[in-house]
Amino acid sequence: MPAYDSIASVYDNINSEIDYSAWADFIENCFNRFLPQKPELVLDLACGTGSMTLELASRGYDMIGADYSEDMLAEAYEKAYDKEMSGILFLKQDMRAFELYGTVGAICCCLDSMNYLTADGDLEKCLGCVHNYLDPDGLFIFDVNTPHKFKNIYGNNHYIFEDNDSYGNVAFCGWQNEYDEETKLCNFYLSVFTEGENGKYTRVDEVQTERCYSKDELTAALMQSGFELIGFFGDWEFNAPKDSCERWYIVARAKK
Ligand SMILES: C[S@@+](CC[C@H](N)C(=O)[O-])C[C@H]1O[C@@H](n2cnc3c(N)ncnc32)[C@H](O)[C@@H]1O
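Residues numbered from 1 in each chain as written. Predicted model: local features only at pLDDT ≥ 70, side-chain atom pairs only at ≥ 80, totals over all residues.

This part is about helix α5 (residues 122-132). Every α-helical turn comprises 3.6 residues, leaving residues that sit three or four positions apart pointing alike. Within α5, burial applies to L123, C126, L127, C129 and V130. Along the long axis of α5, the arc covered by the buried residues comes to 160°, so they all point the same way. The elements touched by buried residues of α5 are β4 (104-109), β5 (134-145) and α7 (215-224). (Buried ≥ 20, exposed ≤ 12 C-beta atoms within 10 Å, placed from the backbone. Helix = DSSP H or I, 4+ residues; strand = E, 2+ residues; numbered from the N terminus. Arc of directions from axis to C-beta. Contact = placed C-beta atoms within 7 Å.)

Now the structure itself:
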């Protein structure tokens, strides 16, 4: 079962602090700065519950959302249905070997989804597919958790957090990390408790693994896959990353 299937229904609840509107502004600013014209068709790779897919669709882009978790896609589809956004194509695809019907003008991949490429060669497989399905000079806009975040923020730390969604449902998440500096793999042991209508809580456990990539590894993989690196940014204002940066926003152009 793909990671995320068991927590799909509470995913938006535990990520409610993510500002997808501001993030989409950054993506649109990338289009304005680095493309001669706005792309018509955009792929949201590893789209999860489709928050960015829907945000960009609401701004007039034809959107494809792809993810390998059926349960995450089901949430995305339901959100699109509720908002009467019928034109989005959701595809169940593995980002290491995905297929589209043709090329797209830009591909985004948000919220450290690229860190889920954990096996040797996964990053290159994914970048090969991304390059294949981008128009000439098309943009790939993605982010990763930084080595600083894996080492100093995730480390072997534990957290508990609580959130209320817009319907007033409470979700508690227990989160334990286990980062191995040798393998660069970080296991997250998640236990999510959600309150039901009767006041009783349901517990769902999930183990996820992310891989830490260095700037050099990412740059080399992009070059080898036929990309021109536009930049590593530390924020949505295009500033250079500081050492304390927890997320790099990376923009690359497919050379063909
Ligand atoms: C942290 S979530 C991010 C989801 C979404 N991009 C967002 O911004 O909310 C990571 C997503 O990557 C997906 N994922 C992980 N590995 C994948 C793979 N090999 N192929 C496709 N999707 C994958 C998971 O199913 C999950 O939806």
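Our focus in this paragraph is the site of the ligand. The local shell around the ligand holds 19 residues, among which A46, G48, Y68, S69 and L111 are the closest. Its residues assigned to classes, the shell around the ligand shows eleven nonpolar, four polar and four charged. (Near = placed C-beta within 6 Å. Nonpolar A, V, L, I, M, F, W, Y, C, P; charged D, E, K, R; others polar.)

Quick look at helix α6 (residues 147-154) now. Among all positions of α6, only K149, F150 and Y154 are buried. Here the buried residues of α6 occupy an arc of 100° about the axis, which is enough to place them on one side. Looking one or two places after α6, you find G155, whose phi comes out positive at around 45°.

Moving on to unusual backbone geometry. Phi at D112 takes a positive value of approximately 50°, unusual for a residue other than glycine. Following the sequence through the fold, D112 ends up in the loop between β4 and α5. The exposure class of D112 is partly exposed, given the 18 C-beta atoms found within 10 Å. Located in the positive-phi region is K184, a residue other than glycine, with phi close to 65°. Tracing the sequence through the fold places K184 in the loop between β7 (170-180) and β8 (185-195). Overall, the presence of 17 C-beta atoms within 10 Å leaves K184 in the partly exposed class.

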